[in-house]
Amino acid sequence: MARGVGHATAIYAKRAKNAEIWSEDGRRYIDFAAGIAVVNTGHQHPKIIAAVEEQLRAFSHVCFQVTPYETYIRLAERLNAIAPVPRPAKTMLVSTGAEAVENAVKVARAFTGRPGIVSFSGGFHGRTHMGMALTGKVVPYKKGFGPFPADVYNVAFPDTYHGVTVEQSLQSLNSLFKHAADPSSIAAIIIEPVQGEGGFNIAPFDFLRALRALCDEHSILLVADEIQTGFARTGRMFALEHAGIKADVVALAKGLAGGFPLSAITGRADVMDASQVGGLGGTYAGNPVACAAAHAVLDVIEEEKLCKRANTIGKIILDRCNRIKQRSNLNCVGDVRGLGAMCAIELVKDVSSGEPAPQLAAALLKTANEKGLILLSCGMNGNVIRFLVPLTASDALVREGMDIFEEGLTEAVNRTA
Ligand SMILES: Cc1ncc(COP(=O)(O)O)c(C=O)c1O
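Structure report, in brief. (Residues numbered from 1 in each chain as written. Predicted model: local features only at pLDDT ≥ 70, side-chain atom pairs only at ≥ 80, totals over all residues. Heavy atoms only, no water.)

This part takes up the nonpolar core. With 125 residues, the main nonpolar core has Leu-375, Ile-385, Phe-387, Phe-405 and Leu-409 as its most contacted residues. The biggest single contributor to this core is helix α10 (residues 288-303), with 10 residues. With sequence-adjacent residues up to four places away left out, Leu-375 is seen in contact with Phe-32, Leu-364, Leu-365, Ala-368, Asn-369, Ile-385, Arg-386, Phe-387 and Phe-405. Among the nonpolar cores identified, the runner-up in size contains 15 residues, and Ala-344, Leu-376, Cys-378 and Val-384 belong to it. (Core = buried A, V, L, I, M, F, W, Y, C linked by side-chain atoms within 4.5 Å. Buried < 20%, exposed > 50% of the residue type's maximum accessible area, 1.4 Å probe, protein only. Helix = DSSP H or I, 4+ residues; strand = E, 2+ residues; numbered from the N terminus. Contact = heavy atoms within 4.5 Å.)

Quick look at the structure:
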């Protein structure tokens, strides 16, 4: 396999159930990664598997753009009803997060007739060329892969822990409008309400509201990338709901189909309808098996009250992380943050300097693996540990995972001291 693909662990998966994975060599692991925020509804949820089996017996591919099928339409209707966008809304389905982002840019440009797109430092929007251009993290996502599409501008994400206030971020946008691109040339501003790869940085809600107002002032479309934050992860169906605003278009993927490749953009009907027929779509776009899974996912989120579960799980994780932060013998926790179950702990060399500790994070991931826990890091310096527990995990399993986490951190601190 190509070196560029890489893998975060050396654990070869053989079987998975809810929030546990069993490896080829027979070991059991608690899964705090959820396939990178995908299986919010747990591995092999019986309802999702049943829906998939039923669809498989009917047909697995005909191509929606040749012979359409009802499950796609019904899923579009469901997303139109729940997405944080104004009604009437419309939806199109594709397969990956990056593809959703590509299509959000396409419809925004087609609707506004403008070329410019603004994104944020530390943002991650996928590995296609537009995805890379929008992404505000060079290594590993952009280095060596340019040139990138033109008319993309990156401004500072409001991240008070790392020294960027809401005012400074808004200033960075105003300065862009003065120095580089007139607002009348900007089609859309794209933002993750909580940055994923960038370090689980939570955009302050007043910033999101200010961004909405700025977009309205200049007739710029607001695109929310809810690919990692969506589908109950943050304690609401979509993270934008916390700020009480709507985007013009949202990009959705990951948790949407519980492990089957499916993504969507849902947006204002006038924006979504701006492209000519045949300009959007794709051979596998809106695969029927993935659509069947997505319907079951939406049912499970509602039936099992997973938004509420996300808040309970998040509280267990944050309480524990805050207790760990108080342990003076560790002196390595710079910050603990989270929205619902999208939680993170930022590791530093020592609390007074606040210097990032990527080696400690790497040692912790390894120690956790040895002890039976799968964890992921993120952040501009690779020193943030993110918790992405399936929302169907029991409190007992989350606590067991957090025990391993704390033991692993203590051991990693001693190893790297
Ligand atoms: C916020 C965000 N946008 C876009 C993507 C890209 O999604 P995919 O890897 O499915 O292309 C990701 C993936 O991690 C993401 O977290």
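Take the sheet that holds strand β12 (residues 342-347) next. Strand order in the open sheet formed by four strands is β11-β12-β15-β14, and the pairing between neighbours is antiparallel. Both outer strands of the open sheet, β11 (333-339) and β14 (376-378), are each paired with one neighbouring strand and no more. Averaged over all pairs of adjacent strands, the angle between their axes in this sheet comes to 25 degrees, without regard to strand direction. By the bridge criterion, three bridges tie β14 to strand β15 (residues 384-387) in an arrangement that is antiparallel. Bridge assignment links Cys-378 to a residue of β15, and that residue is Val-384. Contacts between helix α11 (residues 306-326) and the sheet are confined to β11, β12 and β15, with β11 contributing the most and set at about 170 degrees to the helix. (Pairing = 2+ DSSP bridges. Axes fitted to C-alpha atoms, helices over the stretch in contact; angles between N-to-C directions.)

Near the ligand, the surroundings consist of Thr-96, Gly-97, Ala-98, Phe-124, His-125, Gly-126, Glu-192, Glu-197, Asp-225, Ile-227, Gln-228 and Lys-254. Asp-225 has a polar side-chain atom sitting 2.7 Å from a nitrogen atom of the ligand. Within the side chain of Gln-228, an N or O atom sits 2.8 Å from an oxygen atom of the ligand. Protein coverage of the free-state accessible area of the ligand, which is 390 Å², stands at 84%. Considered class by class, the residues forming the shell around the ligand number three nonpolar, five polar and four charged. (Near = heavy atom within 4 Å. Polar contact = N/O pair within 3.5 Å; in protein donor to acceptor, adjacent residues only side chain to side chain. Areas by Shrake-Rupley, 256 points an atom, 1.4 Å probe, with all protein chains shown as cover. Nonpolar A, V, L, I, M, F, W, Y, C, P; charged D, E, K, R; others polar.)

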